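Descriptive structure summary
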Amino acid sequence: ARYLRRMDDAARPAGLPPFAEVESNFAFLDDWEDRYRYLIELGRLMGEFPDASRTAANKVQGCASQVWMPPRQARGLLGEPHLIVRGDSDALIVRGLVALLVSLASGLPPEEVAAMDIQQKLAGLGLDQHLTPQRSNGLASMVTRLKAQAAAAACASSRQVAATRRAQKRRP
């Protein structure tokens, strides 16, 4: 578990806090104006997003704003897969919503992200009651895309593990 925490930290952009810290900060802020400012600040903490990743293939469908979330994976020291979640938007608050997903899921094994109830975790922040319907729909589209990317990565990873095991059994 200690190694996974370090992988989580390494997979997030420098300065972007872990999700537990985001939850704590949201609880501390009483006013939704302050929470929106904090959400915008989280988006700024993600740093630059490469122009080369702003492609049609990486674009999230179903968002009123433009949102890009390219799928990426990394391997830990033992070869286990972890998602590297990155994204960007042309809207400040939406970029902050992307930062929430990055903070929540980046560095985790794809199986864990695929099985996670992301909407429930985000509901704990109270977003479902304070986002406009358009932003709520866009966030749902981002979550759907993230979970689909995680499921695809988990499936690919399990196929790779099975192929490796079969190859090892064939060796004398």
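Residues numbered from 1 in each chain as written. Predicted model: local features only at pLDDT ≥ 70, side-chain atom pairs only at ≥ 80, totals over all residues. Heavy atoms only, no water.

**Some words on the packing of aromatic side chains**
Note the cut-off: In this analysis, rings of Phe, Tyr and Trp, with Trp reduced to its six-membered ring, are considered paired at centre separations within 6.5 Å, and the interplanar angle assigns stacked below 30 degrees, edge-to-face beyond 60, and tilted for intermediate values. Residue exposure (1.4 Å probe, protein chains only): buried if accessible area is under 20% of the type maximum, exposed if over 50%, otherwise partly exposed. Counting from the N terminus, the helices are DSSP H or I runs at least four residues long and the strands are E runs at least two residues long.
In this structure the tally under the stated criterion is three aromatic pairs. Ring geometry for phenylalanine 26 against tryptophan 32: centres 6.0 Å apart, planes inclined by 65°, an arrangement best described as edge-to-face. In terms of burial, phenylalanine 26 and tryptophan 32 fall into one category: buried. Measuring from centroid to centroid gives 5.8 Å for phenylalanine 26 and tyrosine 38, while their planes differ by 65°, and the two rings are edge-to-face. In this pair, phenylalanine 26 is assigned in helix α2 (residues 19-28) and tyrosine 38 in helix α3 (residues 32-45), connecting sequence segments twelve residues apart. You'll find phenylalanine 26 and tyrosine 38 in the same group, each marked buried.

**Observations regarding the environment of valine 113**
How we decide: In what follows, residue pairs with any heavy atoms lying within 4.5 Å of each other are defined as contacts.
Mapped onto the fold, valine 113 is located in helix α5 (residues 110-115). Distance in space between the C-alpha atoms of valine 113 and alanine 151 is 7.9 Å, their sequence separation being 38 residues. Not counting chain neighbours up to four residues away, the residues in contact with valine 113 comprise Leu83, Ala105, Leu108, Ile118, Leu146, Lys147 and Ala150.

**Some thoughts on the side chain of asparagine 58**
Summarising the element assignment, asparagine 58 is placed in the loop between α3 and β1 (67-68). For asparagine 58, a relative accessible area of 12% corresponds to the buried category. Excluding residues that lie within four positions of it along the chain, asparagine 58 makes contacts with Ser53, Val67, Trp68, Met69, Pro70, Pro71 and Arg145.

**A look at the packing of α2 against α3**
Rule in force here: Throughout, an axis means a line fitted to C-alpha atoms (over the contacting stretch in the case of helices), and angles, computed between N-to-C directions, take values from 0 to 180 degrees. For classification, angles of less than 35 degrees are called roughly parallel, those exceeding 145 degrees roughly antiparallel, those between 65 and 115 degrees roughly perpendicular, and all remaining angles oblique. Handedness of a crossing is defined here by the sense of rotation of the near helix relative to the far one, left-handed for an anticlockwise turn of less than a right angle and right-handed for a clockwise turn. Classification convention: Asp, Glu, Lys, Arg as charged; Ala, Val, Leu, Ile, Met, Phe, Trp, Tyr, Cys, Pro as nonpolar; all other residues, Gly among them, as polar.
Running from amino to carboxyl end, α2 crosses α3 at an angle of 155°, the nearest separation of the two axes being 9 Å. By the criterion of interaxial angle, the relationship of α2 to α3 is roughly antiparallel. Note on packing geometry: the crossing formed by α2 with α3 is right-handed. Residues Glu21, Val22, Asn25, Phe26 and Ala27 of α2 lie in contact with α3, whose contacting residues are Trp32, Arg35, Tyr38, Leu39 and Leu42. Partitioning the contact of α2 with α3 into residue classes produces seven nonpolar, one polar and two charged.

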